[in-house]
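# Chain and residue survey
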Amino acid sequence: MSQFWSDLVHTLTPYVPGEQPKVDNLVKLNTNENPYPPSQKVYEAIASVNDERLRLYPDPNSDALKTTLQNHYGLKEGQVFIGNGSDEVLAHIFMALLKHDKPLLFPDITYSFYPVYCGLYGINYQTVPLTKQFEIDPADYRIENGGIIFPNPNAPTGRVLALDAIRTLLENNPNSVVVVDEAYIDFGGESAVSLVQDYPNLLVVQTYSKSRSLAGLRIGYAMGQSHLIEGLERVKNSFNSYPMDRVALAAGVAAIEDQAYFDGCCEKIIHTRENLVEFLTKNGFEVVPSAANFVFTKHKHLDAVDIAQQLRDKAIIVRHFKLPRIDQYLRISIGTDQENQALCDALSDIV
Ligand code: PMP
(Lines give C-alpha, C1' and ligand atoms only; values in the text may rest on other atoms or scores of the structure.)
Protein backbone atom coordinates (compact mmCIF):
# COMPACT_ATOMS: atom_id res chain seq x y z
CA MET A 1 0.00 0.00 0.00
CA SER A 2 1.28 3.42 -0.88
CA GLN A 3 2.80 5.54 1.88
CA PHE A 4 1.61 8.56 -0.10
CA TRP A 5 -2.10 7.77 0.23
CA SER A 6 -4.36 9.62 2.61
CA ASP A 7 -6.06 7.66 5.40
CA LEU A 8 -9.31 7.75 3.39
CA VAL A 9 -7.81 5.91 0.41
CA HIS A 10 -6.54 3.15 2.70
CA THR A 11 -10.05 2.52 3.99
CA LEU A 12 -11.81 2.27 0.60
CA THR A 13 -13.04 -1.00 -0.92
CA PRO A 14 -13.48 -0.01 -4.57
CA TYR A 15 -16.22 -1.42 -6.77
CA VAL A 16 -15.15 -4.18 -9.16
CA PRO A 17 -16.88 -3.63 -12.50
CA GLY A 18 -18.20 -6.57 -14.54
CA GLU A 19 -15.81 -8.11 -17.05
CA GLN A 20 -15.66 -6.23 -20.37
CA PRO A 21 -13.98 -8.74 -22.68
CA LYS A 22 -12.15 -7.52 -25.77
CA VAL A 23 -13.17 -10.44 -27.98
CA ASP A 24 -16.24 -9.77 -30.10
CA ASN A 25 -17.33 -13.36 -30.66
CA LEU A 26 -18.45 -13.88 -27.07
CA VAL A 27 -22.09 -13.92 -26.00
CA LYS A 28 -21.85 -11.26 -23.32
CA LEU A 29 -24.63 -11.62 -20.78
CA ASN A 30 -22.86 -10.34 -17.67
CA THR A 31 -23.40 -6.58 -17.34
CA ASN A 32 -27.02 -5.96 -18.36
CA GLU A 33 -26.38 -3.87 -21.45
CA ASN A 34 -29.03 -3.72 -24.16
CA PRO A 35 -28.40 -6.36 -26.87
CA TYR A 36 -29.83 -4.05 -29.55
CA PRO A 37 -28.06 -1.05 -31.09
CA PRO A 38 -29.21 2.51 -30.42
CA SER A 39 -31.85 4.05 -32.68
CA GLN A 40 -30.76 5.10 -36.18
CA LYS A 41 -31.79 8.64 -35.20
CA VAL A 42 -29.11 8.54 -32.51
CA TYR A 43 -26.42 7.80 -35.11
CA GLU A 44 -27.70 10.66 -37.27
CA ALA A 45 -27.60 13.03 -34.30
CA ILE A 46 -24.04 11.97 -33.47
CA ALA A 47 -22.98 12.49 -37.10
CA SER A 48 -24.43 16.01 -36.97
CA VAL A 49 -21.92 16.99 -34.27
CA ASN A 50 -19.33 18.30 -36.73
CA ASP A 51 -15.75 19.48 -36.20
CA GLU A 52 -16.79 23.05 -35.70
CA ARG A 53 -19.08 22.17 -32.83
CA LEU A 54 -16.56 19.83 -31.19
CA ARG A 55 -14.01 22.66 -31.03
CA LEU A 56 -16.25 24.46 -28.55
CA TYR A 57 -17.13 23.56 -24.97
CA PRO A 58 -20.58 22.02 -24.53
CA ASP A 59 -23.54 23.79 -22.96
CA PRO A 60 -22.71 23.70 -19.21
CA ASN A 61 -26.41 23.31 -18.36
CA SER A 62 -27.35 20.71 -21.00
CA ASP A 63 -30.51 22.74 -21.51
CA ALA A 64 -31.68 21.00 -24.69
CA LEU A 65 -31.60 17.60 -23.02
CA LYS A 66 -33.15 18.87 -19.80
CA THR A 67 -36.06 20.34 -21.76
CA THR A 68 -36.47 17.12 -23.74
CA LEU A 69 -36.58 15.03 -20.54
CA GLN A 70 -38.88 17.49 -18.75
CA ASN A 71 -41.38 17.33 -21.59
CA HIS A 72 -41.09 13.58 -21.94
CA TYR A 73 -41.82 12.94 -18.25
CA GLY A 74 -44.30 15.82 -17.76
CA LEU A 75 -42.03 17.66 -15.31
CA LYS A 76 -41.51 21.36 -14.60
CA GLU A 77 -38.43 23.44 -15.23
CA GLY A 78 -35.73 22.80 -12.63
CA GLN A 79 -36.85 19.23 -11.92
CA VAL A 80 -34.17 17.37 -13.93
CA PHE A 81 -30.47 16.92 -13.15
CA ILE A 82 -28.11 15.34 -15.70
CA GLY A 83 -24.80 13.51 -15.24
CA ASN A 84 -22.32 11.22 -16.97
CA GLY A 85 -24.23 8.00 -16.35
CA SER A 86 -26.45 7.37 -13.37
CA ASP A 87 -23.41 6.33 -11.31
CA GLU A 88 -22.22 9.93 -11.46
CA VAL A 89 -25.72 11.19 -10.65
CA LEU A 90 -25.76 8.83 -7.65
CA ALA A 91 -22.36 10.18 -6.57
CA HIS A 92 -23.80 13.71 -6.53
CA ILE A 93 -26.79 12.49 -4.53
CA PHE A 94 -24.55 10.81 -1.96
CA MET A 95 -22.57 14.05 -1.63
CA ALA A 96 -25.44 16.50 -1.61
CA LEU A 97 -28.49 14.95 -0.04
CA LEU A 98 -27.73 12.20 2.44
CA LYS A 99 -27.26 13.01 6.12
CA HIS A 100 -24.09 11.83 7.82
CA ASP A 101 -25.36 11.55 11.40
CA LYS A 102 -28.00 8.91 10.67
CA PRO A 103 -27.60 5.73 8.61
CA LEU A 104 -28.53 5.53 4.96
CA LEU A 105 -30.79 2.50 4.50
CA PHE A 106 -30.63 0.17 1.55
CA PRO A 107 -31.62 -3.46 0.99
CA ASP A 108 -29.41 -6.46 1.48
CA ILE A 109 -28.97 -7.51 -1.33
CA THR A 110 -28.75 -4.64 -3.78
CA TYR A 111 -26.53 -2.68 -6.20
CA SER A 112 -23.01 -3.10 -4.89
CA PHE A 113 -22.03 0.50 -5.62
CA TYR A 114 -24.04 1.93 -2.71
CA PRO A 115 -21.67 0.76 0.07
CA VAL A 116 -18.72 1.88 -2.08
CA TYR A 117 -20.08 5.44 -2.21
CA CYS A 118 -20.81 5.34 1.52
CA GLY A 119 -17.12 4.55 2.09
CA LEU A 120 -16.02 7.34 -0.21
CA TYR A 121 -18.27 10.02 1.24
CA GLY A 122 -18.09 8.89 4.88
CA ILE A 123 -21.80 8.04 5.10
CA ASN A 124 -23.03 5.53 7.71
CA TYR A 125 -25.28 2.88 6.35
CA GLN A 126 -27.47 0.08 7.56
CA THR A 127 -28.68 -2.70 5.31
CA VAL A 128 -32.24 -3.97 5.56
CA PRO A 129 -32.68 -7.67 4.68
CA LEU A 130 -34.98 -8.55 1.82
CA THR A 131 -37.82 -10.97 2.54
CA LYS A 132 -37.29 -14.68 1.81
CA GLN A 133 -38.76 -14.06 -1.65
CA PHE A 134 -36.16 -11.30 -2.21
CA GLU A 135 -38.75 -8.54 -1.85
CA ILE A 136 -38.43 -5.09 -0.26
CA ASP A 137 -40.97 -4.69 2.56
CA PRO A 138 -41.61 -0.99 3.38
CA ALA A 139 -42.50 -2.00 6.97
CA ASP A 140 -38.83 -2.93 7.50
CA TYR A 141 -37.78 0.67 6.80
CA ARG A 142 -39.22 2.15 9.98
CA ILE A 143 -35.71 2.77 11.31
CA GLU A 144 -34.40 6.28 11.96
CA ASN A 145 -32.40 7.12 8.86
CA GLY A 146 -30.58 9.80 6.90
CA GLY A 147 -31.98 8.63 3.56
CA ILE A 148 -33.20 5.50 1.74
CA ILE A 149 -31.99 4.19 -1.60
CA PHE A 150 -32.94 1.11 -3.59
CA PRO A 151 -33.07 0.09 -7.25
CA ASN A 152 -36.51 -0.59 -8.67
CA PRO A 153 -36.49 -3.25 -10.05
CA ASN A 154 -33.82 -4.31 -7.57
CA ALA A 155 -30.43 -5.56 -8.74
CA PRO A 156 -29.37 -8.30 -8.94
CA THR A 157 -32.74 -9.89 -8.08
CA GLY A 158 -34.94 -8.17 -10.70
CA ARG A 159 -37.86 -7.98 -8.26
CA VAL A 160 -40.05 -4.91 -8.67
CA LEU A 161 -41.72 -2.78 -5.98
CA ALA A 162 -45.24 -1.44 -6.65
CA LEU A 163 -45.97 2.30 -6.53
CA ASP A 164 -48.18 1.87 -3.46
CA ALA A 165 -45.26 0.47 -1.51
CA ILE A 166 -43.07 3.37 -2.66
CA ARG A 167 -45.78 5.81 -1.47
CA THR A 168 -45.72 4.09 1.94
CA LEU A 169 -41.94 4.47 2.13
CA LEU A 170 -42.20 8.16 1.24
CA GLU A 171 -44.97 8.81 3.75
CA ASN A 172 -43.25 6.91 6.57
CA ASN A 173 -40.03 8.85 6.01
CA PRO A 174 -41.06 12.47 5.33
CA ASN A 175 -37.74 13.91 6.56
CA SER A 176 -35.51 11.65 4.49
CA VAL A 177 -34.72 11.69 0.81
CA VAL A 178 -35.99 8.47 -0.77
CA VAL A 179 -33.98 7.65 -3.90
CA VAL A 180 -35.53 5.23 -6.38
CA ASP A 181 -32.82 4.03 -8.77
CA GLU A 182 -34.77 3.09 -11.88
CA ALA A 183 -31.93 1.76 -14.06
CA TYR A 184 -34.15 -1.18 -15.15
CA ILE A 185 -37.65 0.33 -14.85
CA ASP A 186 -38.50 0.17 -18.57
CA PHE A 187 -38.46 -3.64 -18.63
CA GLY A 188 -41.52 -4.14 -16.46
CA GLY A 189 -41.88 -1.68 -13.58
CA GLU A 190 -43.99 1.42 -13.08
CA SER A 191 -41.88 4.56 -12.73
CA ALA A 192 -42.15 6.63 -9.55
CA VAL A 193 -41.71 9.77 -11.68
CA SER A 194 -45.52 10.13 -11.53
CA LEU A 195 -45.14 10.78 -7.76
CA VAL A 196 -42.61 13.60 -8.05
CA GLN A 197 -45.10 16.49 -7.71
CA ASP A 198 -46.69 14.90 -4.61
CA TYR A 199 -43.59 14.06 -2.60
CA PRO A 200 -40.90 16.65 -1.81
CA ASN A 201 -38.60 13.87 -0.53
CA LEU A 202 -38.56 11.74 -3.71
CA LEU A 203 -35.73 11.52 -6.17
CA VAL A 204 -35.99 9.21 -9.20
CA VAL A 205 -32.79 8.25 -11.04
CA GLN A 206 -32.73 6.82 -14.56
CA THR A 207 -30.10 5.96 -17.14
CA TYR A 208 -29.61 5.67 -20.91
CA SER A 209 -27.37 2.64 -20.36
CA LYS A 210 -30.03 -0.07 -20.37
CA SER A 211 -33.35 0.54 -22.16
CA ARG A 212 -31.86 3.23 -24.45
CA SER A 213 -28.85 1.12 -25.59
CA LEU A 214 -26.32 3.85 -24.77
CA ALA A 215 -24.10 2.48 -21.98
CA GLY A 216 -21.07 3.58 -24.01
CA LEU A 217 -22.05 7.27 -23.96
CA ARG A 218 -22.68 7.74 -20.22
CA ILE A 219 -25.95 9.60 -19.68
CA GLY A 220 -27.96 9.47 -16.47
CA TYR A 221 -30.45 11.82 -14.82
CA ALA A 222 -32.31 12.49 -11.61
CA MET A 223 -35.86 13.80 -11.39
CA GLY A 224 -37.37 15.44 -8.33
CA GLN A 225 -38.70 18.71 -6.94
CA SER A 226 -36.50 21.72 -7.58
CA HIS A 227 -35.16 22.08 -4.01
CA LEU A 228 -33.52 18.63 -4.36
CA ILE A 229 -32.27 19.24 -7.90
CA GLU A 230 -30.77 22.56 -6.81
CA GLY A 231 -28.67 20.73 -4.19
CA LEU A 232 -27.28 18.45 -6.90
CA GLU A 233 -26.52 21.41 -9.19
CA ARG A 234 -24.62 23.09 -6.37
CA VAL A 235 -22.39 20.05 -5.91
CA LYS A 236 -21.86 19.72 -9.66
CA ASN A 237 -20.94 23.35 -10.09
CA SER A 238 -18.59 23.21 -7.13
CA PHE A 239 -16.65 20.56 -9.06
CA ASN A 240 -16.95 22.58 -12.27
CA SER A 241 -17.85 19.30 -13.96
CA TYR A 242 -19.68 19.45 -17.27
CA PRO A 243 -22.67 17.15 -17.13
CA MET A 244 -22.14 15.81 -20.62
CA ASP A 245 -20.29 16.33 -23.87
CA ARG A 246 -21.75 17.49 -27.16
CA VAL A 247 -22.00 14.00 -28.66
CA ALA A 248 -23.87 12.60 -25.65
CA LEU A 249 -26.12 15.65 -25.55
CA ALA A 250 -27.18 15.27 -29.21
CA ALA A 251 -27.64 11.51 -28.87
CA GLY A 252 -29.59 11.89 -25.64
CA VAL A 253 -32.18 14.14 -27.27
CA ALA A 254 -32.51 11.91 -30.35
CA ALA A 255 -32.95 8.71 -28.29
CA ILE A 256 -35.91 10.18 -26.40
CA GLU A 257 -37.49 11.39 -29.63
CA ASP A 258 -37.52 7.89 -31.16
CA GLN A 259 -40.17 6.41 -28.88
CA ALA A 260 -41.27 3.73 -31.37
CA TYR A 261 -37.76 2.23 -31.58
CA PHE A 262 -37.43 2.32 -27.79
CA ASP A 263 -40.79 0.59 -27.28
CA GLY A 264 -39.88 -2.09 -29.83
CA CYS A 265 -36.53 -2.91 -28.13
CA CYS A 266 -38.11 -3.12 -24.66
CA GLU A 267 -40.88 -5.40 -25.96
CA LYS A 268 -38.38 -7.72 -27.63
CA ILE A 269 -36.28 -7.94 -24.45
CA ILE A 270 -39.33 -8.69 -22.30
CA HIS A 271 -40.43 -11.39 -24.75
CA THR A 272 -36.97 -12.99 -24.77
CA ARG A 273 -36.90 -12.85 -20.97
CA GLU A 274 -40.19 -14.76 -20.84
CA ASN A 275 -38.77 -17.43 -23.17
CA LEU A 276 -35.64 -17.74 -21.04
CA VAL A 277 -37.64 -18.02 -17.81
CA GLU A 278 -39.73 -20.79 -19.38
CA PHE A 279 -36.61 -22.67 -20.50
CA LEU A 280 -34.90 -22.33 -17.12
CA THR A 281 -37.97 -23.41 -15.18
CA LYS A 282 -38.32 -26.52 -17.35
CA ASN A 283 -34.66 -27.37 -16.87
CA GLY A 284 -34.25 -27.53 -13.12
CA PHE A 285 -33.68 -23.86 -12.29
CA GLU A 286 -35.49 -21.74 -9.73
CA VAL A 287 -36.04 -18.28 -11.21
CA VAL A 288 -36.78 -15.14 -9.19
CA PRO A 289 -39.63 -13.21 -10.93
CA SER A 290 -37.90 -10.50 -12.96
CA ALA A 291 -39.09 -7.11 -14.19
CA ALA A 292 -35.60 -6.25 -15.46
CA ASN A 293 -33.39 -7.11 -18.47
CA PHE A 294 -31.78 -9.95 -16.53
CA VAL A 295 -32.86 -12.96 -14.53
CA PHE A 296 -31.59 -14.11 -11.16
CA THR A 297 -31.61 -17.86 -10.99
CA LYS A 298 -30.11 -20.96 -9.39
CA HIS A 299 -30.10 -24.59 -10.36
CA LYS A 300 -31.75 -26.93 -7.87
CA HIS A 301 -28.68 -29.24 -7.74
CA LEU A 302 -25.78 -27.84 -9.74
CA ASP A 303 -23.17 -25.39 -8.52
CA ALA A 304 -23.46 -21.84 -9.91
CA VAL A 305 -19.70 -21.35 -10.28
CA ASP A 306 -19.46 -24.58 -12.27
CA ILE A 307 -22.31 -23.57 -14.55
CA ALA A 308 -20.79 -20.11 -15.10
CA GLN A 309 -17.40 -21.69 -15.89
CA GLN A 310 -18.88 -24.21 -18.29
CA LEU A 311 -20.76 -21.43 -20.07
CA ARG A 312 -17.52 -19.41 -20.21
CA ASP A 313 -15.83 -22.39 -21.88
CA LYS A 314 -18.58 -22.18 -24.51
CA ALA A 315 -17.91 -18.43 -25.00
CA ILE A 316 -20.94 -17.24 -23.00
CA ILE A 317 -20.36 -14.92 -20.03
CA VAL A 318 -22.85 -14.60 -17.16
CA ARG A 319 -22.39 -13.41 -13.56
CA HIS A 320 -22.38 -15.55 -10.48
CA PHE A 321 -22.47 -14.22 -6.93
CA LYS A 322 -20.22 -14.96 -3.99
CA LEU A 323 -22.26 -13.34 -1.21
CA PRO A 324 -23.34 -15.75 1.58
CA ARG A 325 -27.09 -15.84 0.93
CA ILE A 326 -26.83 -15.91 -2.84
CA ASP A 327 -23.64 -17.81 -3.55
CA GLN A 328 -25.51 -20.29 -5.73
CA TYR A 329 -27.14 -17.69 -7.96
CA LEU A 330 -26.43 -16.66 -11.51
CA ARG A 331 -27.48 -13.35 -12.99
CA ILE A 332 -28.03 -13.63 -16.71
CA SER A 333 -28.60 -10.54 -18.87
CA ILE A 334 -31.20 -10.86 -21.62
CA GLY A 335 -29.61 -10.99 -25.07
CA THR A 336 -31.05 -11.10 -28.58
CA ASP A 337 -33.17 -14.13 -29.48
CA GLN A 338 -30.14 -15.59 -31.21
CA GLU A 339 -27.93 -15.11 -28.13
CA ASN A 340 -30.68 -16.54 -25.96
CA GLN A 341 -30.85 -19.62 -28.17
CA ALA A 342 -27.06 -20.06 -27.88
CA LEU A 343 -27.42 -19.79 -24.08
CA CYS A 344 -30.26 -22.32 -23.93
CA ASP A 345 -28.36 -24.75 -26.20
CA ALA A 346 -25.27 -24.46 -24.00
CA LEU A 347 -27.29 -24.91 -20.80
CA SER A 348 -29.00 -27.99 -22.27
CA ASP A 349 -25.55 -29.60 -22.56
CA ILE A 350 -24.65 -28.66 -18.98
CA VAL A 351 -27.72 -29.47 -16.88
N1 PMP B 1 -28.00 1.59 -10.81
C2 PMP B 1 -28.05 0.26 -10.96
C3 PMP B 1 -29.02 -0.52 -10.10
C4 PMP B 1 -27.23 -0.40 -11.87
O5 PMP B 1 -27.27 -1.73 -12.00
C6 PMP B 1 -26.36 0.38 -12.67
C7 PMP B 1 -25.48 -0.26 -13.72
N8 PMP B 1 -24.66 -1.23 -13.36
C9 PMP B 1 -26.32 1.75 -12.46
C10 PMP B 1 -27.16 2.33 -11.55
C11 PMP B 1 -25.36 2.64 -13.20
O12 PMP B 1 -25.61 2.73 -14.55
P13 PMP B 1 -24.95 3.86 -15.45
O14 PMP B 1 -23.86 4.52 -14.64
O15 PMP B 1 -24.44 3.14 -16.63
O16 PMP B 1 -26.04 4.81 -15.76
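Now for a look at the structure at hand. Since the model is a prediction, treat every value here as computed from it, not as a measurement. Think of each chain on its own: its residues are numbered from 1, step by step along the sequence as written. The predicted origin of the model limits local features to residues at a pLDDT of at least 70 and limits the giving and counting of side-chain atom pairs to 80 or more, whereas totals for whole chains, interfaces and linings rest on all residues.

## Some thoughts on the packing of helix H10 (residues 259–282) against helix H12 (residues 337–350)
Cut-off, in case you're wondering: Axis definition: a line fitted to C-alpha atoms, over the contacting stretch in the case of helices. Angles run 0 to 180 degrees between N-to-C directions. Strands are runs of DSSP state E lasting at least 2 residues, helices are runs of H or I lasting at least 4, and numbering of each runs from the N terminus. By definition in this entry, angles of less than 35 degrees are roughly parallel, angles greater than 145 are roughly antiparallel, angles of 65 to 115 are roughly perpendicular, and the rest are oblique. We call two residues in contact whenever the C-beta atoms placed from their backbones are within 7 Å. Think of it as three bins: nonpolar holds Ala, Val, Leu, Ile, Met, Phe, Trp, Tyr, Cys and Pro, charged holds Asp, Glu, Lys and Arg, and polar takes everything else, Gly as well.
Interaxial distance between H10 and H12 falls to 10 Å at its minimum, and their mutual angle equals 10°. The angle between H10 and H12 places the two elements in the roughly parallel class. Each of Thr272, Asn275, Leu276 and Phe279 in H10 lies in contact with H12, whose residues at this interface are Asp337, Asn340 and Cys344. Here the residues of the contact of H10 with H12 are counted per class, giving 3 nonpolar, 3 polar and 1 charged.

## Observations regarding the pairing of strand S8 (residues 220–224)
Threshold: To sort residues by burial, count the other C-beta atoms lying within 10 Å of each one's C-beta; a count of 20 or more means buried, 12 or fewer means exposed, and anything in between means partly exposed. C-beta atoms are built from the backbone. Between any two strands, pairing holds if DSSP finds at least two bridges.
Counting buried residues in S8 gives 5 out of 5 residues, a clear majority hidden from the surface. Of the two faces of S8, the one carrying Gly220, Ala222 and Gly224 and the one carrying Tyr221 and Met223 are both buried. By the bridge criterion, 4 bridges tie strand S2 (residues 80–83) to S8 in an arrangement that is antiparallel. If you follow glycine 83 over to S8, its bridge partner there is glycine 220. The pairing of strand S7 (residues 202–207) with S8 spans 5 bridges and is antiparallel. Opposite glutamine 206, over in S8, you have tyrosine 221 as the bridge partner.

## With respect to the site of the ligand
The criterion, for reference: Each residue receives a C-beta atom placed from its backbone. It is near a molecule or strand if this atom lies within 6 Å of it.
In the vicinity of the ligand, the contacting residues are Gly85, Ser86, Asp87, Tyr111, Pro151, Ala155, Asp181, Ala183, Thr207, Ser209, Ala215 and Gly220. At 3 residues, the largest contribution of residues to the shell around the ligand is made by helix H5 (residues 85–96). Looking at the shell around the ligand, its residues break down into 5 nonpolar, 5 polar and 2 charged.

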